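Understanding the architecture of this molecule
Letter by letter, the chains look like this.
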Amino acid sequence: MVLVWDKTLFDEMYSAVLWTHGVRGSPKVPSAAGYYWIGKKASAERQIAVMLAKPGFASLSDIAIIGGGYGWTAEILIAAGINAISVDTSPHILATQATSEETEIRDALTARGFDPDNLPTLMDPDDPNAVFTGDPFSIWLRTDGKRTSIAVVGEDMANNGSRNKVKQALPGNLDGILTEYALDSMETDAESLELIERCEQLRPNPAAQVVHLISEGVGDLRLNTKTQAEWRTLLDDNGFNDHFVAKSNGVWI
Ligand SMILES: C[S@@+](CC[C@H](N)C(=O)[O-])C[C@H]1O[C@@H](n2cnc3c(N)ncnc32)[C@H](O)[C@@H]1O
């Protein structure tokens, strides 16, 4: 059975450390269980910086990020001058993409025993020795007050019609397909291979690059986690020899 990436699963799998420099006089650092922009931003920026340094990737013009969530990684590519979209089937992502994160972060803090309107003294994100006197939510929420500036494409790419909608969502001609921690968000090899096959079907020609970004050692037994070498073997054994397997540190095989 395919895992449904609903709010409960995102809350179990992701947590945002809301104050990297801690809380004065307390070992308890406010964090919020869940999938939030502030929790993903820095790692997505690092991840894209190493990808753009790879030969070939920076020259792509139109990238579909499969399992791209709210499109925070797509936003970083767009800022780098590359057309990018997020394709994601998560009911939670599709239902909440046009809303603010504020209520969810407040609820997550309350669930951790914090009063969101009376938080402990937090340290400045730019200076760990200084107390931050502003409103923490001014850091945690995006300046546009939204969750994302991307319209997530809710297509599963199971047939030509669905795949065409993905292609049409890009301003130019699709030449890059990036699965973003989607292969290992499945439960079985069969499910992962089905998504890989859909990516191959989406691929307009062999010159289009396909990159599967994976994580190793997530440690959740529900997920189909593998080492990078094991993904390589699975792809090769099934004829996907020219798909890359990428780790966020820039190691591609
Ligand atoms: C582990 S989450 C990663 C989210 C985001 N890429 C990130 O790195 O923060 C995996 C995502 O893949 C999406 N996904 C799984 N199967 C998919 C499919 N067949 N088509 C599109 N998205 C899919 C899920 O909905 C979920 O949002």
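One structure accompanies this document, and this report is about it.

With respect to spatial proximity, 17 residues lie near the ligand, and among them Gly67, Gly69, Ser90, Glu180 and Ser185 are the closest. Split into classes, the residues belonging to the shell around the ligand amount to seven nonpolar, six polar and four charged.

As a further point, take the sheet that holds strand β3 (residues 62-66). With parallel pairing, five strands are arranged side by side in an open sheet as β4-β3-β5-β6-β7. A strand with exactly one partner marks an edge of an open sheet, and here the two such strands are β4 (83-87) and β7 (244-246). Strand-to-strand twist in this sheet, taken as the mean axis angle between neighbours without regard to direction, amounts to 20°. Summarising the sheet, β3 and β4 pair through five bridges and their orientation is parallel. Across the sheet, residue Ala64 finds its bridge partner in β4, namely Ile85.

Let us now look at the pairing of β3. Counting buried residues in β3 gives five out of five residues, a clear majority hidden from the surface. On β3, burial covers both faces: Asp62, Ala64 and Ile66 on one face and Ile63 and Ile65 on the other are all buried. Read from β3 through helix α3 (residues 72-79) to β4, the crossover connection turns out right-handed. Pairing of β3 with strand β5 (residues 176-180) involves four bridges; the strand directions are parallel. Note that in β5 the partner of Ile63 across the bridge is Gly176.

Calculation notes
- Residues numbered from 1 in each chain as written.
- Predicted model: local features only at pLDDT ≥ 70, side-chain atom pairs only at ≥ 80, totals over all residues.
- Near = placed C-beta within 6 Å.
- Nonpolar A, V, L, I, M, F, W, Y, C, P; charged D, E, K, R; others polar.
- Pairing = 2+ DSSP bridges.
- Helix = DSSP H or I, 4+ residues; strand = E, 2+ residues; numbered from the N terminus.
- Axes fitted to C-alpha atoms, helices over the stretch in contact; angles between N-to-C directions.
- Buried ≥ 20, exposed ≤ 12 C-beta atoms within 10 Å, placed from the backbone.
- Right-handed = clockwise from strand over helix to strand, strands pointing away.

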